[in-house]
Amino acid sequence: MAEHSAVRALVEGIGQGFVEFEPPSRRTSADGPLDWPGYADQRVRASGRSDTDESVLCGRAGLGEREAVLIAFDFAFLGGSVGEDTGARIVAAFEHAREQRLPVISLIASGGSRMQEGIRALQQLQAITRACRLAGQDRIPHIAVLRDPTTGGMWAAMGAAADVVLAAPGARISFGGARVRSAGDDGEDFRAEGKFSDGQVDRVVEEADLPRVLAELVALLHPARLASPEPAPLPAALGADRLPETGMQAVERARAADRPRAGEYLDAYFSARFEISGDRAGGRDEGMICGFGDHDGRVVAFAAQTGDRNSPAGFRTAARLIRLADKLGIPVLTLVDTPGAANDAEAERAGVGPAIAEVFGAVADARVPVTTLVIGEGGSGGALALAAPENTWVTADAYFAVIAPESAAAILKREPSEVPELAEHLRLRPQDLVELGFARGIAR
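Residues numbered from 1 in each chain as written. Predicted model: local features only at pLDDT ≥ 70, side-chain atom pairs only at ≥ 80, totals over all residues. Heavy atoms only, no water.

### So, the overall build of the protein
Phase 1: Looking only at helices and strands, the protein features 17 helices and 16 strands.
Phase 2: Its C-alpha atoms put the protein at 85 × 45 × 35 Å along the principal axes.
Phase 3: In the protein, which comprises 444 residues, the share counted as buried stands at 55%.
Phase 4: Of all intrachain contacts in the protein linking residues separated by at least 6 positions in sequence, the fraction that spans at least 24 positions is 73%. (Helix = DSSP H or I, 4+ residues; strand = E, 2+ residues; numbered from the N terminus. Buried < 20%, exposed > 50% of the residue type's maximum accessible area, 1.4 Å probe, protein only. Contact = heavy atoms within 4.5 Å.)

Below is the structure:
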């Protein structure tokens, strides 16, 4: 009883007034669809170690002022494995979330598909994936919490597919479980911290902090607050009011160390925000800040450059954020500030060109409005990828150019002393950008 009582205590600690759903059942034989010898007895023993007859506990509960559907795995019941009944309960929980317009929180601890039910168990990955996708199509957010361990199909079909992925410190997370991997493969790559470093997990959260973090996420991403058709309001400019007189002065202002940066803009704009991290494909870039926040009671998604050269992981994270915001119906704010995309050999190997293409495509495909403010350097395609066509604004201490004036001098084989002249020819000042029709106006 102790292990499952801990799982029940977990869901009751996360959500107030937890009410368990009536479980559906597909079981036609005591020994399962394969008539596996002794399977019925195994289930009885598993029930004795818990207070349920399956490996998941599904219900709804309050988190702060909102409600959510909770799906909690009990590893004490046959290793949290998924069989036909498990799949049916998870699918039913997602259907309830769609009907009631509630976010889904899955608390995963699973060894994967249940061996004793064979292919009928493995097929549940398809059913669960479809349930997750249908929920997403109905703008129902899914937040996964990866507990110890999360392996096999529930990592691939449920955890990795979630909109936001949290993980418990030290949790073992991998597609292949420890007993089927090569000997010695059990380092940080297979733990929560490694998955965070590799961009596959948004945040590692201590259990004591989990109720608060989940309540914050539910408050931001609850369907009742989403699907706003209005563009994100333009942030107020935090820097200089006076426009630059020359092109080179515009460049120097944008490069000044004391100019306001993305963090200051986000702090001033949002009363609360949650950052997502990583491209889900092996990388993170601290030079691209992405997430969701509360601006005057409205939810706004944001992708903000911090002034550095962004890596492919940064661009893929921004594309992920924009696609997620579009799926959930959240307007997007982008803050442009980069001298350009990373252009070294490592960036080329990691696919910087295709990564930038992903952002261009995400902005072009977005059905939600995208608002852009250029707050510093606007360096070529690495900056343009985040700029909203016909809804880009610029601050007085920013510039935007097809290429930096120094690079233009190198390409044209001009002397360094001619860089200021080229800055004039590029017409990169804020007022030039408005006159040329690139920017709608100058933020004040």
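### Brief notes about the environment of Gly353
Phase 1: With respect to the helices and strands, Gly353 occurs in helix α13 (residues 352-365).
Phase 2: Once the C-alpha coordinates of Gly353 and Ile173 are considered, the two residues, 180 residues apart in sequence, prove to be 30 Å apart.

### Details of the nonpolar core
Phase 1: Of all hydrophobic cores here, the largest spans 68 residues; its most connected members are Ile105, Leu107, Leu166, Leu214, Phe315, Ile330 and Val359.
Phase 2: Summarising the domain contributions, this core has at least three residues from each of domain 1 (6-223) and domain 2 (227-442).
Phase 3: Not counting residues within four places of it along the chain, the set of residues in contact with Leu166 comprises Ile143, Ala144, Val145, Leu146, Val201, Arg203, Val205, Leu210, Val213, Leu214, Leu217 and Phe274.
Phase 4: In this structure, Val69, Trp155, Ala162 and Ala167 belong to the second largest nonpolar core, which totals 34 residues. (Core = buried A, V, L, I, M, F, W, Y, C linked by side-chain atoms within 4.5 Å. Domains from an automatic or database assignment.)

### A word on the side chain of Arg253
Phase 1: Secondary-structure assignment places Arg253 in helix α9 (residues 247-255).
Phase 2: Although Arg253 is buried, it makes no salt bridge; Asp397 carries the closest opposite charge, 6.8 Å away. (Lys, Arg positive; Asp, Glu negative; His and termini not counted. Salt bridge = Lys/Arg side-chain N within 4 Å of Asp/Glu carboxyl O.)

### Considerations on the domain arrangement of the protein
Phase 1: Structurally, the protein comprises domain 1 (6-223) and domain 2 (227-442).
Phase 2: On a C-alpha basis, the centroid separation for the pair domain 1 and domain 2 is 37 Å.
Phase 3: At the interface, 22 residues of domain 1 touch 24 residues of domain 2.
Phase 4: Carbon and sulfur atoms supply 57% of the area that domain 1 and domain 2 bury against each other, a total of about 1,800 Å² over both sides.
Phase 5: Counting across the interface, domain 1 meets domain 2 through 3 salt bridges.
Phase 6: One salt bridge in this structure joins Arg280 and Asp202, with 3.4 Å as the shortest N-O distance.
Phase 7: Here domain 1 is connected to domain 2 by 12 residue pairs in polar contact (both at pLDDT 80 or more).
Phase 8: Of all the secondary structure elements, the ones that give two or more residues to the side of domain 1 that touches domain 2 are β6 (164-167), α7 (192-197) and α8 (210-221).
Phase 9: Top element by residues in the side of domain 1 that touches domain 2 is α8. It accounts for 4 residues. (Buried area = accessible area lost by both parts, 1.4 Å probe. Polar contact = N/O pair within 3.5 Å; in protein donor to acceptor, adjacent residues only side chain to side chain.)

### Side note on unusual backbone geometry
Phase 1: Following Asp148, the chain continues to Pro149 via a peptide bond in cis, the omega torsion being -5°.
Phase 2: Structurally, the position occupied by Pro149 is in strand β5 (residues 142-151).
Phase 3: With a phi close to 50°, Asp35 is a non-glycine residue in the positive phi region.
Phase 4: Relative to the elements of secondary structure, Asp35 occurs in the loop between β1 (16-20) and α2 (39-48).
Phase 5: Unusually for a residue other than glycine, Ser380 sits at a positive phi of about 55°.

### So, the UniProt feature "domain: CoA carboxyltransferase C-terminal" (unreviewed entry) in the protein
Phase 1: Per the UniProt entry, the sites bearing "domain: CoA carboxyltransferase C-terminal" (unreviewed entry) are residues 235-444 in this numbering.
Phase 2: Regarding residues 235-444, the helix share stands at 38% and the strand share at 22%, and the terminal C-alpha atoms are separated by 9 Å. (UniProt positions renumbered as here; feature names shortened; annotations may be inferred.)

### With respect to the environment of Asp432
Phase 1: You can see Asp432 is positioned in helix α17 (residues 430-435).
Phase 2: In sequence terms Asp432 and Phe400 are 32 residues apart; their C-alpha atoms lie 9.4 Å from each other.

### Re the packing of aromatic side chains
Phase 1: Summed over the entire model, instances satisfying the criterion amount to 3 aromatic pairs.
Phase 2: Centroid distance Tyr269 to Phe270: 4.9 Å. Interplanar angle 85°. Geometry classified as edge-to-face.
Phase 3: With relative accessibility at 7%, the residue Phe270 sits in the buried group.
Phase 4: Ring centres of Phe270 and Phe302 lie 5.2 Å apart, and the angle between their planes is 45°; this geometry places the pair in the tilted category. Of this pair, Phe270 sits in the loop between α10 (262-269) and β9 (272-276) while Phe302 sits in strand β11 (residues 298-305), and the two are 32 residues apart along the sequence. The burial state of Phe270 is the same as that of Phe302; both residues are buried.
Phase 5: Following the ring pairs from residue to residue traces out a cluster consisting of Tyr269, Phe270 and Phe302. (Phe/Tyr/Trp six-rings, centres within 6.5 Å; stacked < 30°, edge-to-face > 60°.)

### What to know about the pattern of salt bridges
Phase 1: Within the structure shown, the criterion is met by 28 salt bridges.
Phase 2: In this structure, Glu84 and Arg120 form a salt bridge, with 3.0 Å as the shortest nitrogen-oxygen distance. A residue pair is termed long-range when its members are at least 10 positions apart, and Glu84 in helix α3 (residues 84-100) and Arg120 in helix α4 (residues 118-122) qualify at 36 residues.
Phase 3: Classification of Arg120 by relative accessible area gives partly exposed; the value is 37%.
Phase 4: When the shortest N-O distance is used, the salt bridge between Asp138 and Arg98 registers 2.9 Å. Here Arg98 lies in helix α3 and Asp138 lies in the loop between α5 (124-137) and β5, a separation of 40 residues in the sequence.
Phase 5: The exposure class assigned to Asp138 is partly exposed, which follows from its relative accessible area of 29%.
Phase 6: One salt-bridge network, held together by shared partners, links Arg43, Glu54, Arg114 and Glu117.

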